[in-house]
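Descriptive structure summary
Take a look at the letters that make up each chain.
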Amino acid sequence: KTKNDKVDTFLIAQCLMLKKYTLFKPQDALLIQLKTLSRYRSDLVNSRSKFKLQLVASIDLVFPELRTFFYDLHCKTSYSILSKYTVPSNLLKARTDSLLSLMNNSSRGRYTFDDCLRLKNLAKNSIGLKQPAHYFKIKMSIGQIQYIDEQIYTVEAEIKRIMDEINSPIMSIPGIGYVLGATIISEIGDISRF
């Protein structure tokens, strides 16, 4: 627990005398990078989950009926609508053709004119509270979630690059992808130690 030059020197000498050491290999550096990236990705996923919970809590207060329209509030179409209109009254004022265009651009043409009318009817009859702070929080939460999604994508691309360089046999196991494989081998380290 104490760390100083005298203690460090003693520990190094003890390791060398008792031969309780392993040589550092180039692959060890890659495993350290994988461990760092895997843990960072996990932290990002946890952060994104917190923002998603905050977003749903705010939506439940200002536009609870939206849950009946979207099976998943965290879809691209829901985010597009909430980013542009946020407030049910703004959604109600929106031109139906503009709303339909926005919905179809973010969903590859999944919605119809009747869906737009149903969504506008939900906005018209909404029992949500009018709280500008929550409207602001919704926009900011969506921005944070989208930013974290981009970061996760970038981290996963780097994990994939390192995993391809390592070329571990763990990738041949069905159901093991780059992220899970990286987490397993980076936490275990050099398997030959066991």
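What counts and how
- Residues numbered from 1 in each chain as written.
- Predicted model: local features only at pLDDT ≥ 70, side-chain atom pairs only at ≥ 80, totals over all residues.
- Heavy atoms only, no water.
- Helix = DSSP H or I, 4+ residues; strand = E, 2+ residues; numbered from the N terminus.
- Buried < 20%, exposed > 50% of the residue type's maximum accessible area, 1.4 Å probe, protein only.
- Expected span 1.5 Å × (residues − 1).
- Arc of directions from axis to C-beta.
- Contact = heavy atoms within 4.5 Å.
- pLDDT = per-residue confidence, 0-100.
- Lys, Arg positive; Asp, Glu negative; His and termini not counted.
- Salt bridge = Lys/Arg side-chain N within 4 Å of Asp/Glu carboxyl O.
- Polar contact = N/O pair within 3.5 Å; in protein donor to acceptor, adjacent residues only side chain to side chain.
- Axes fitted to C-alpha atoms, helices over the stretch in contact; angles between N-to-C directions.
- Parallel < 35°, antiparallel > 145°, perpendicular 65-115°, else oblique.
- Left-handed = near helix turned anticlockwise from the far one by under 90°.
- Nonpolar A, V, L, I, M, F, W, Y, C, P; charged D, E, K, R; others polar.

This paragraph deals with the overall build of the protein chain. Broken down by element type, the protein chain carries nine helices and zero strands. Sequence-ordered secondary structure for the protein chain, helices as α and strands as β, is α-α-α-α-α-α-α-α-α. Along the first, second and third principal axes, the C-alpha atoms of the protein chain reach 80 × 40 × 20 Å. Counting all 194 residues of the protein chain, 35% fall into the buried class.

With twelve residues, helix α7 (residues 113-124) should reach 16 Å at 1.5 Å per residue; the first-to-last C-alpha distance of 17 Å fits that figure. Those residues of α7 lying buried are D115, C116, L119, K120, L122 and A123. Projected down its long axis, α7 carries its buried residues within an arc of 155°, all on one side. Looking at α7, the residues exposed on the side facing more than 90 degrees away from the buried face are D114 and K124. Of the surrounding secondary structure, the elements contacted by the buried residues of α7 are α3 (66-69), α4 (76-84), α5 (88-93) and α6 (96-107).

This prediction gives the protein chain a mean pLDDT of 91; 96% of its residues lie at or above 70. Of all the helices and strands in the protein chain, helix α1 (residues 5-18) carries the lowest mean pLDDT, 85, while helix α8 (residues 132-166) carries the highest, 96.

Checked against the element boundaries, E65 lands in the loop between α2 (26-62) and α3. An unpaired buried charge is present at E65: no salt bridge exists, and R67, the closest side chain of opposite charge, is 10 Å distant. A distance of 2.8 Å separates a polar atom in the side chain of E65 from a polar atom in the side chain of S126. For E65, the contacting residues outside a window of four places in its chain are L122, N125, S126, I127 and G128.

Structurally, S107 is set in helix α6. Reaching out from S107, the side chain makes a polar contact with the backbone nitrogen of R110 at a distance of 3.3 Å.

Right, let's get into the packing of α4 against α8. The angle between the axes and the distance between the axes are what describe a pair of packed helices. It is the contact of α4 with α8, at a shortest axis distance of 9 Å, that shows an interaxial angle of 140°. Classified by the angle their axes make, α4 and α8 are oblique. The two elements α4 and α8 cross, and the hand of that crossing is left-handed. Along the contact surface, α4 presents Y79, L82 and S83, while α8 presents I138, K139, I142, I145 and Q146. Considering only residue class, the contact of α4 with α8 consists of five nonpolar, two polar and one charged.

Attention now moves to the pattern of salt bridges. Taken as a whole and assessed by the stated rule, the structure comprises eight salt bridges. Put simply, R161 and E158 hold a salt bridge, and the shortest N to O gap is 2.7 Å. Placement of both R161 and E158 in helix α8 is noted, with a separation of three residues, approximately one turn of the helix. Looking at R161, the relative accessible area reads 41%, which means it is partly exposed. A salt bridge links R161 to E165; its shortest N-O distance comes to 3.3 Å. You can see R161 and its partner E165 sitting in helix α8, four residues apart, about one turn around the helix. Connected through shared salt-bridge partners, E158, R161 and E165 make up one network.

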